[in-house]
Amino acid sequence: MELYENRSSTVEFDPMCDKENPQRISFEDVSAAAFRIQSGITKTPCVKSHMSSIYGMDIYLKNDFLQYTGSFKERGARNALLLLSPEAKERGVISASLGNHSQGLSYHAKQLNIPVTVVMPNVAPIMKIENCRSYGANVIIHGHDMKEAKYYAMMLAKEKGLVYINGYDHPHIMAGQGTVALEILEQVPDLDAVLVPVGGGGLLAGVVTAVKHLKPHVLIYGVETEKCPSMEVALDKGEPMSVEIRSTLADGLAVSTVGYNAFATVKSLIDRMITVNEDWIARAILRLAEQEKYVVEGGGAVGVSAIMAGHVPELAGKKVVCILSGGNIDTTIFGRCLERGLAAEQRLVKFKVTVSDRPGGIAELCKLIASIGVSIKDIMQERAWVYGDIFSVRVKVVCETRGPEHMNQLRSMITNTYKEWYFSREPEDCSSNRRPSSDSLDDVSK
Amino acid sequence: MLDRCLCFSHYYRFIYLHFVNQSYVIENTIKPYLLNKIIYSIQDVEFDEFCDPNNPRKIKYDDILAASRRIVGTIVKTPCTRAHMSDKLDMDIYLKQEFMQYTGCFKERGVRNTLLLLSEEQKKIGVISASTGNHGLSMSYHTTQLGIPCIVVMPTRAPITKLTKCQSFGAKTLLHGENMAESKHYAMSLSKEKKLYYVNGYDHPNVIEGQGTIGIEIIEQVPEVDAVLVPVGGGSLLTGIAIAVKHLKPDTEVYGIQTEKTYSMVEALKRNERVRITIDSTIADGLAVNLAGVNTFHNLKTGIVDKMVIVKEDWVARAIMHLVEEERYVVEGSAAVTIASIMAGLFPNLKGKKVVCVLSGGNIDTTTLARALERGMAAEGRLVKFKVTVSDRPGGMAELCGLLANLGVTLRDCIPERAWVKGDVFSVEMKVIAETRGWDHTKELIELIKRKYKDCFFPETNEKSDKAPGARRGPCLAPNPVCMQK
């Protein structure tokens, strides 16, 4: 690691994202970008959500996951590519990214006939690697995490004279991302607040620049996940600081240090930063899939999860726009989120109960559960690690209920009928008793 | 006819059997009289003047046009956008996003049209309907909006989510009956009793006219459309769209799609009479209608539809997965049949043409969605299941896991089996479920496992799996539970 640190001043130095010389973007950059990229970007709808009545506010969803590569990053990528000098376009570009930025860059570079190389760490999801390849990029898999991949990318950039495009901090990128805000202002002219997901800060910087210039009274809230609160820490300390990245549902937001340019742009203009618990993100993904029929990734659903978790009571009765920044969620993870969301809403219940091992013991349990309209999803028997008499078996049941009251009904029925039982999570008020996100979501031992 | 009345109601059967035990006189005089009364009363109960087999209604384009003006502003004029999958499937595919309607399904159009055409007195008395799904939801929502009292009757085993949704929209729900037929009978008897207006969800003429407004919007949004693919349950959507589209642009081809389990309309058109079929559980539950509608069949048998197509249910699960992955929309099985039929290669004649697929709804049960995603992945070779015998000593399993990891394969599930194994006592059979990048990656995995381990078993891994969904359910109907695993 020492070797890397010595060389960091030359290899890792990106003139466009220099700590000593942060660049702020201006409104003119954003509006020029809007004009420049309009032929290649979808102007996505901004629709009123069905959830508005439930939360007592007018919620609008900016559907940027409907872009061709599934995320808003295309805007910045296209802008940056169009602003390259002709020689740079000949030589090509390179970037290190775990996902959406590399896909957006690959797609538009192919459209504009610019050679593109993308470096990804070996933990990158299979789908994203395949997608970049199918868009025509030269994909290199190197490194165990983003740091190593980025280092390698910058080294290649210096070697081959390629232009390195940082996915969230390059000023042209930030200007491109800001075009979302211009569309929002056009589609919902009388809005009161915008909830923006924050990873490296590029989107937030662009949005804040555009909105505050045209309508300074509109509140801009940045939303992050509890597991990677890089912007909140940066605003606290007054400068971008490195935050440890833990595995998170919102993998698009897993950036350990916010961008220098982004921070410089954002720090004086933003109204508030919010962090959300991972459980709420899973619930938001479930809610968006069930009610709006949209497939949104964790990073895109944080805005909605902030509303669902009750973090913005002051916005009641107001017009709030949530930017659904992307939809590139791995299918398996999507399935998992649906299940976790159901569990968090107490519509999926797990409990253990000791029943008689004689014929009829389990049948009686199943009949009891069915009698109140609960559907059994999974049932497992445990015979060895049981303390009761030898004729009893401990049954672990996973079942589906209608909601918290139904679950309570089930719980009281089980506790009244059987002597030995264990419910894995206390059915208390959801917002107060959330376990902190620092606990691993993989803890299935309970 | 006697059979019909017997199986409809146990109560009437009780009377019949009771009288069987009486004397000959009663047998020959009172019994027939009573039976006739029973038969006529059942016929009275189930008689719906708008869906009368003796008087089928013809649907006219002018009524559809009137409907479109009537419901404007109250239902969503849904977008019809080009699909990202078009290039892969070699066609210009447009998706009519009817799942964007407020209740998540196109049925709102027909319902709104019907409700607006009720007389003022009827609006005060109220409406009733029997439905476990989208029709019930649409009724609940629009009747509350218009201030019309509404009752929705569902069978006692109706899915929990649909029940709570109807209640949340403000309708009064009644649970009655073991299946839809009994619920419908009960609903109709209530309607006769209380003078409520019974709205048949797929056969009422006003409903069909409402659904037809989609056809008008399609022609507006994609003026050069070559073909329209429509899912078919009771037939209202197909009838309405076919009439509208053929009137506005006669050279457009209209195809009706059903699945191998929900084929009532296909059978009816083949035999030229409405045939009742039995339907088991299907992934396209919105299309699970036993008997094609009276009016719909009457209008369709004149041949306005170019062809009816049947698609296998496996393809529907794969289509749901592709719509989630590539278009990022959550659609229900009934809507995905359109894309499924294209993916299954059932329309080679439409290559390079402009095809509109009507994605009729998005109300899929969340657990079903998760299962459909898994089945889709399995069908595409991205989920592999195999058994391999490893050493039960320390390191046996670790070696297997390490092998998989080196290949870049994700390990989903790993279940050891010790009792039903034929090898030596020190070996354990591992049942492994792993996730790969695709068929090539799977082949690499298979070769590697076969090389390293003597005893391994891979189930049939061909590309077109013919297994019907739901084949491996345990007694409690949980899919692939431990008790059903080999």
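A few points on the structure. In this text the structure is predicted, and so the values were computed from the model without any measurement. (Residues numbered from 1 in each chain as written. Chains lettered and ligands numbered in written order. Predicted model: local features only at pLDDT ≥ 70, side-chain atom pairs only at ≥ 80, totals over all residues. Heavy atoms only, no water.)

Bringing the overall build of chain A into the picture now. Along the backbone of chain A there are 18 helices and 14 strands. For 446 residues, the compact-globule formula gives about 22 Å, and the C-alpha radius of gyration of chain A, at 25 Å, lands near that figure. Projected onto its principal axes, the C-alpha coordinates of chain A cover approximately 80 × 50 × 40 Å. Split into buried and exposed, the 446 residues of chain A put 56% on the buried side. Counting only carbon and sulfur atoms, one obtains 51% of the accessible surface of chain A, whose full area is about 18,400 Å². Here chain A carries 49 positive and 53 negative side-chain charges, and the mean point of each set is 3 Å from the other. (Helix = DSSP H or I, 4+ residues; strand = E, 2+ residues; numbered from the N terminus. Rg over C-alpha atoms; globule rule 2.2 N^0.38 Å. Buried < 20%, exposed > 50% of the residue type's maximum accessible area, 1.4 Å probe, protein only. Areas by Shrake-Rupley, 256 points an atom, 1.4 Å probe, with all protein chains shown as cover. Lys, Arg positive; Asp, Glu negative; His and termini not counted. Charge placed at Lys NZ, Arg CZ, Asp CG, Glu CD.)

A tally of helices and strands in chain B yields 19 helices and 14 strands. For chain B, the proportion of its 486 residues judged to be buried stands at 54%. Restricting to contacts in chain B with at least 6 residues of sequence separation, those with at least 24 account for 73%. Carbon and sulfur atoms provide 53% of the accessible area of chain B, an area that totals close to 21,800 Å². (Contact = heavy atoms within 4.5 Å.)

Residue and element names in this part refer to chain B. Judged by pairing direction, the sheet is parallel, and its four strands sit side by side in the order β5-β4-β3-β6 without closing on themselves. At either end of the open sheet lies a strand with only one pairing partner, and these are β5 (172-175) and β6 (197-198). Summarising the sheet, strand β4 (residues 150-154) and β5 pair through four bridges and their orientation is parallel. Its bridge partner being in β5, Met154 is matched across the sheet by Leu175. Sheet contacts for helix α9 (residues 160-169): β4 and β5; angle to β5, the most-contacted strand, approximately 150 degrees. This element, helix α10 (residues 180-194), spans β3 (127-130), β4, β5 and β6 of the sheet and lies at about 165 degrees to β3. (Pairing = 2+ DSSP bridges. Axes fitted to C-alpha atoms, helices over the stretch in contact; angles between N-to-C directions.)

Before going further, it helps to spend a moment on the interface of chain B and chain A. Between chain B and chain A, the contact holds 37 residues from the first and 35 residues from the second. Carbon and sulfur atoms make up 61% of the surface buried where chain B meets chain A, a total of about 3,000 Å² over both sides. On the chain B side of the contact with chain A, Ile160(B), Arg328(B) and Thr366(B) bury the most area, a combined 23% of that side's loss. The interface formed by chain B and chain A holds eight residue pairs in polar contact (both at pLDDT 80 or more) in total. Elements represented by at least two residues in the side of chain B that touches chain A include exactly α9, α15 (313-327) and α17 (366-379) of chain B. With seven residues, α17(B) is the largest single contributor of residues to the side of chain B that touches chain A. Tallied by class, the residues present in the side of chain B that touches chain A amount to 15 nonpolar, eleven polar and eleven charged. (Buried area = accessible area lost by both parts, 1.4 Å probe. Polar contact = N/O pair within 3.5 Å; in protein donor to acceptor, adjacent residues only side chain to side chain. Nonpolar A, V, L, I, M, F, W, Y, C, P; charged D, E, K, R; others polar.)

This part is about the nonpolar core. Core analysis: the largest hydrophobic core is formed by 92 residues, its most contacted members being Phe334(A) and Ile339(B). For Ile339(B), the contacting residues outside a window of four places in its chain are Met85(B), Ile93(B), Leu95(B), Ala319(B), Leu323(B), Cys357(B) and Leu359(B). Phe27(A), Val180(A), Leu203(A) and Ala205(A) belong to the second largest nonpolar core, which has 36 residues in total. (Core = buried A, V, L, I, M, F, W, Y, C linked by side-chain atoms within 4.5 Å.)

This part takes up the packing of aromatic side chains. Inspection of the entire model under this criterion finds 13 aromatic pairs over all chains. For the pair Tyr102(B) and Tyr141(B), a centre-to-centre distance of 4.4 Å together with 10 degrees between the ring planes defines the contact as stacked. Here Tyr102(B), found in the loop between β2 (92-97) and α6 (107-116), pairs with Tyr141(B), found in helix α8 (residues 134-146); they are 39 residues apart in sequence, far enough to count as distant. Take Tyr102(B): its relative accessible area is 31%, and that puts it in the partly exposed class. When its relative accessible area of 15% is taken as the criterion, Tyr141(B) is described as buried. Ring pairs connect the aromatic residues Tyr68(A), Tyr107(A) and Tyr135(A), which therefore count as one cluster. Against the face of Phe423(A) rests Arg411(A), its NZ or CZ located 5.1 Å from the ring centre. Seen from the ring of Phe426(B), Arg393(B) lies directly overhead, with NZ or CZ sitting 4.4 Å from the centre. (Phe/Tyr/Trp six-rings, centres within 6.5 Å; stacked < 30°, edge-to-face > 60°. Lys NZ or Arg CZ within 6 Å of the ring centre and 35° of its normal.)

Another point: helix α4 (residues 61-70) of chain B. Residues and elements named next belong to chain B. All of the buried residues in α4 are Tyr61, Ile64, Ala67 and Ser68. Within α4, the buried residues cover an arc of 115 degrees as seen down the axis, which keeps them to one side. In this structure, α4 carries Asp62 and Arg69 as exposed residues pointing more than 90 degrees from its buried face. On its buried face, α4 sits against α6, α11 (205-221) and α12 (236-248). (Arc of directions from axis to C-beta.)

This part covers empty space enclosed by the protein. Applying the stated criterion across every chain, the model contains seven cavities of 30 Å³ or more. As for the largest cavity, its lining consists of 20 residues, and the residues nearest its centre are Phe106(B), Lys107(B), Gly233(B), Gly286(B) and Leu287(B). Split into classes, the residues belonging to the lining of the largest cavity amount to nine nonpolar, nine polar and two charged. Of the pockets and cavities examined, the second largest cavity occupies roughly 80 Å³. Along its surface, the second largest cavity is lined by Thr331(A), Thr332(A), Gly335(A), Arg336(A), Glu339(A), Ala370(B), Leu373(B), Glu374(B), Met377(B) and Arg412(B). Taken together, the elements giving at least two residues each to the lining of the second largest cavity come down to α16 (331-344) of chain A together with α17 of chain B. By residue number, the principal contributor to the lining of the second largest cavity is α16(A), which donates five residues. Along the lines of polarity and charge, the residues of the lining of the second largest cavity split into three nonpolar, three polar and four charged. (1 Å grid on protein atoms, 1.4 Å probe; cavity = no way out; pocket = protein on both sides within 12 Å on 5 of 7 lines; lining within 4 Å. Points joined across faces, edges and corners; volume = space filled by probe spheres on them.)

Here we take up the pattern of salt bridges. Between side chains of opposite charge, pairing is possible as soon as their charged atoms come close. Residues and elements named next belong to chain A. Tallied over the full model, the rule gives 31 salt bridges over all chains. Across the pair Glu345 and Arg347 runs a salt bridge whose closest N-O atoms are separated by 3.5 Å. Salt bridges sharing partners connect three or more residues here, namely Arg283, Arg287, Glu290, Glu345 and Arg347. (Salt bridge = Lys/Arg side-chain N within 4 Å of Asp/Glu carboxyl O.)

Under the 1.5 Å per step criterion, the end-to-end length of α11(B) is 25 Å for 17 residues, consistent within 8% with the ideal 24 Å. Across the 17 residues that make up α11(B), a large majority, 15, are buried. (Expected span 1.5 Å × (residues − 1).)

Residue and element names in this part refer to chain B. Close contact between α6 and α8 brings their axes to 9 Å; oriented N to C, the two are set at 45 degrees. Compared by their axis directions, α6 and α8 come out oblique. As α6 packs across α8, the resulting crossing turns out to be right-handed. Together, Lys107, Glu108, Val111, Arg112, Leu115 and Leu116 of α6 and Asn134, His135, Ser138, Met139, Tyr141, His142, Thr143, Gln145 and Leu146 of α8 make up the contact between the two elements. By residue class, the composition of the contact of α6 with α8 is six nonpolar, six polar and three charged. (Parallel < 35°, antiparallel > 145°, perpendicular 65-115°, else oblique. Left-handed = near helix turned anticlockwise from the far one by under 90°.)

This brings us to the sheet that holds strand β1 (residues 46-48) of chain A. Residue and element names in this part refer to chain A. One open sheet holds the six strands; their spatial order is β1-β2-β10-β7-β8-β9, and the pairing between them is mixed. Where the open sheet ends on each side, the last strands, each with one partner, are β1 and β9 (272-276). Strand after strand, the sheet turns through a mean of 25 degrees between neighbouring axes, direction not considered. Both β1 and strand β2 (residues 58-62) contribute to a ladder of three bridges, which runs antiparallel. When the sheet's bridge partners are listed, Val47 is paired in β2 with Leu61. Relative to the sheet, helix α11 (residues 202-214) contacts β7 (193-197), β8 (219-225), β9 and β10 (319-323), its axis offset from that of β8 by approximately 170 degrees.

Another aspect to go through is the packing of helix α6 (residues 100-111) of chain A against helix α7 (residues 126-135) of chain A. All names here are of chain A. Interhelical geometry of α6 versus α7 gives an angle of 10 degrees and a closest axis separation of 8 Å. The orientation of α6 relative to α7 falls into the category roughly parallel. Two secondary-structure elements touch here, α6 through Asn100, Ser102, Gln103, Ser106, Tyr107 and Lys110 and α7 through Lys128, Asn131, Cys132 and Tyr135. Considering only residue class, the contact of α6 with α7 consists of three nonpolar, five polar and two charged.

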